[in-house]
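What follows is each chain in one-letter form.
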Amino acid sequence: MAAIQILIVEDDPMIVEMLAVMLRKLGYGISGIATSADEAIMQAIEGTPDLVLMDIGLEGRANGIAAATIIYQFFSIPVVFCTAHSGSEVINVAKQAQPFGYITKPFTDRDLFSVIEIAINNYLSTRTSGTDARKFKELLHIDAGVMFLDTGGRVLFMNPYAEHITGITHKQGFYHSVDKVINNFEMATKMQKQFPSLWEAIRESVVIGTGHDIIITTRKGKRKAVHLKIMVRKNNRNDIVGYILKLDENIGKSRTLNSF
């Protein structure tokens, strides 16, 4: 049987080294090591780990709780928190991410083994059929832009084609408002309703169930003709946890727009 693959998300090199030694000693594989929330999300997609061992106190735009919420609710990968904080306030906030376990530093090999095995068992007994993480991995390479947004319109993920369309990388756009990532757009025809922001257009699309034809102008001045389609992402309680944007570029129209 293949070893359980674990993604370590921790920004302290010494703790990373300690965890790697402990995990290998216990017979687990390591799918990758991430030091920030945006790296964790990309590695969760690329490496499709069986479990993520997540430090709560990550530095950067998003902390470990936010990263864990995204990874579980968007990609259905179970998360175990590894932290030096054990107060009830921290635990209550951590619950929002629906973790499958929680371990407080310092801990022994036996402690780590127990929390991982229980988390994997609980996850396997509750998950639905199919593996979202592996399906989402395909989005890295399709010929369309794909973006994930949280319920507040912040960018959680951009595939390479979305980076090409917007002129912004996943790392640059991560956890920024979609209106900051795509801050210069217009509706493709005057017949279409005009919106003060892209986020407003997205929210209306969710309500009425239709897409939009828009023209995006990148920061380098390139104009892109794009059909924008929005899909709602829900968790296992049927709550909306975010949105998936698909951006299909009309290459012919984009060339025409930039020929003048």
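Before reading on, note that the structure itself is shown above.
In short, a report on the structure. (Residues numbered from 1 in each chain as written. Predicted model: local features only at pLDDT ≥ 70, side-chain atom pairs only at ≥ 80, totals over all residues. Heavy atoms only, no water.)

Some words on the overall build of the protein chain
Then comes step 1: What the protein chain contains, in helices and strands, is eleven helices and eleven strands.
Then comes step 2: Taking 260 residues into account, the globule formula puts the C-alpha radius of gyration at 18 Å, and the protein chain, at 20 Å, falls close to it.
Then comes step 3: On the principal axes, the C-alpha backbone points of the protein chain span a range of 65 × 35 × 30 Å.
Then comes step 4: Counting the 260 residues in the protein chain, one finds 48% classified as buried.
Then comes step 5: Pairs at least 24 residues apart make up 58% of the contacts formed inside the protein chain by residues separated by at least 6 positions.
Then comes step 6: When the accessible surface of the protein chain is split by element, carbon and sulfur atoms take 52% of a total near 13,100 Å². (Helix = DSSP H or I, 4+ residues; strand = E, 2+ residues; numbered from the N terminus. Rg over C-alpha atoms; globule rule 2.2 N^0.38 Å. Buried < 20%, exposed > 50% of the residue type's maximum accessible area, 1.4 Å probe, protein only. Contact = heavy atoms within 4.5 Å. Areas by Shrake-Rupley, 256 points an atom, 1.4 Å probe, with all protein chains shown as cover.)

Some remarks on empty space enclosed by the protein
Then comes step 1: Following the criterion strictly, the structure yields one cavity of 30 Å³ or more and no others.
Then comes step 2: The volume enclosed by the largest cavity comes to roughly 40 Å³.
Then comes step 3: Considering the residues around the largest cavity, the lining is formed by Thr166, Ile168, Val181, Ile182, Asn183, Ile216, Thr217, Thr218 and Arg219.
Then comes step 4: For the lining of the largest cavity, the class distribution of residues is four nonpolar, four polar and one charged. (1 Å grid on protein atoms, 1.4 Å probe; cavity = no way out; pocket = protein on both sides within 12 Å on 5 of 7 lines; lining within 4 Å. Points joined across faces, edges and corners; volume = space filled by probe spheres on them. Nonpolar A, V, L, I, M, F, W, Y, C, P; charged D, E, K, R; others polar.)

What about the sheet that holds strand E8 (residues 185-187)?
Then comes step 1: If you trace the six strands from one edge of the open sheet to the other, you get E7-E6-E11-E10-E9-E8, paired in antiparallel fashion. The sheet is open, and its two borders are formed by strand E7 (155-158) and E8, each paired with just one other strand. Pairs of neighbouring strands in the sheet enclose a mean axial angle of 30°, with direction left out of account.
Then comes step 2: As defined by bridge partners, strand E6 (residues 145-150) adjoins strand E11 (residues 240-249) across six bridges and the pair is classed as antiparallel. Pairing of Asp150 across the sheet is with Gly242, part of E11.
Then comes step 3: Packing of helix H10 (residues 198-208) onto the sheet brings it into contact with E6, E8, strand E9 (212-217), strand E10 (223-234) and E11, and relative to E10 it is tilted by some 50°. (Pairing = 2+ DSSP bridges. Axes fitted to C-alpha atoms, helices over the stretch in contact; angles between N-to-C directions.)

Details of the nonpolar core
Side chains that are nonpolar tend, in soluble globular proteins, to be buried together.
Then comes step 1: Grouped together as the largest cluster of nonpolar side chains are 38 residues, with contacts concentrated most on Met54, Ile71, Phe75, Phe81 and Phe148.
Then comes step 2: Elements represented by at least two residues in this core include exactly strand E1 (5-9), helix H2 (37-47), strand E3 (51-55), helix H3 (64-75), strand E4 (79-83), E6, E7 and E11.
Then comes step 3: No other element matches the eight residues that H3 contributes to this core.
Then comes step 4: Grouped together as the second largest cluster of nonpolar side chains are 26 residues, Met158, Phe185, Leu198 and Leu247 included. (Core = buried A, V, L, I, M, F, W, Y, C linked by side-chain atoms within 4.5 Å.)

What to know about the environment of Met14
Then comes step 1: Mapping Met14 onto the fold places it in helix H1 (residues 13-25).
Then comes step 2: Owing to a relative accessible area of 70%, Met14 belongs among the exposed residues under this scheme.
Then comes step 3: Separated by 139 residues in sequence, Met14 and Gly153 have C-alpha atoms that sit 35 Å apart.

Remarks on the sheet that holds strand E5 (residues 101-104)
Then comes step 1: A sheet is described by the order of its strands in space; here five strands give the open sequence E2-E1-E3-E4-E5, paired in parallel fashion. Of all strands in the sheet, those bounded by a partner on one side alone are strand E2 (29-34) and E5. Within this sheet the neighbouring strands show an average axis-to-axis angle of 20°, counted without direction.
Then comes step 2: Sheet analysis places E1 next to E2, joined by five bridges and oriented parallel. Paired with Ile6 across the two strands is Ile30, which belongs to E2.
Then comes step 3: Together, E1, E2 and E3 form the strand contacts of H1, whose direction differs from that of E1 by roughly 165°.
Then comes step 4: Seen against the sheet, helix H5 (residues 109-126) touches E1, E3, E4 and E5 and runs at an angle of roughly 170° to E5.

A short note on the environment of Ser36
Then comes step 1: By secondary structure assignment, the location of Ser36 is in the loop between E2 and H2.
Then comes step 2: Each C-alpha atom, one on Ser36 and one on Gly57, is 10.0 Å from the other, the two residues being 21 residues apart in sequence.
Then comes step 3: Those residues in contact with Ser36 that sit more than four places away from it in its chain are Val9 and Leu58.
Then comes step 4: A polar contact of 2.7 Å, which involves the side chain of Ser36, links it to the side chain of Asp38. (Polar contact = N/O pair within 3.5 Å; in protein donor to acceptor, adjacent residues only side chain to side chain.)

Topic: H10
Then comes step 1: Within H10 the residues assigned to the buried category are Leu198, Trp199, Ala201, Ile202 and Ser205. One face of H10 carries all of its buried residues, which in axial projection span an arc of 160°.
Then comes step 2: In this structure, the buried side of H10 is in contact with E6, helix H9 (178-181), E8, E9, E10 and E11.
Then comes step 3: Trailing H10 by a residue or two, Gly209 shows a phi angle of about 75°, which is positive. (Arc of directions from axis to C-beta.)

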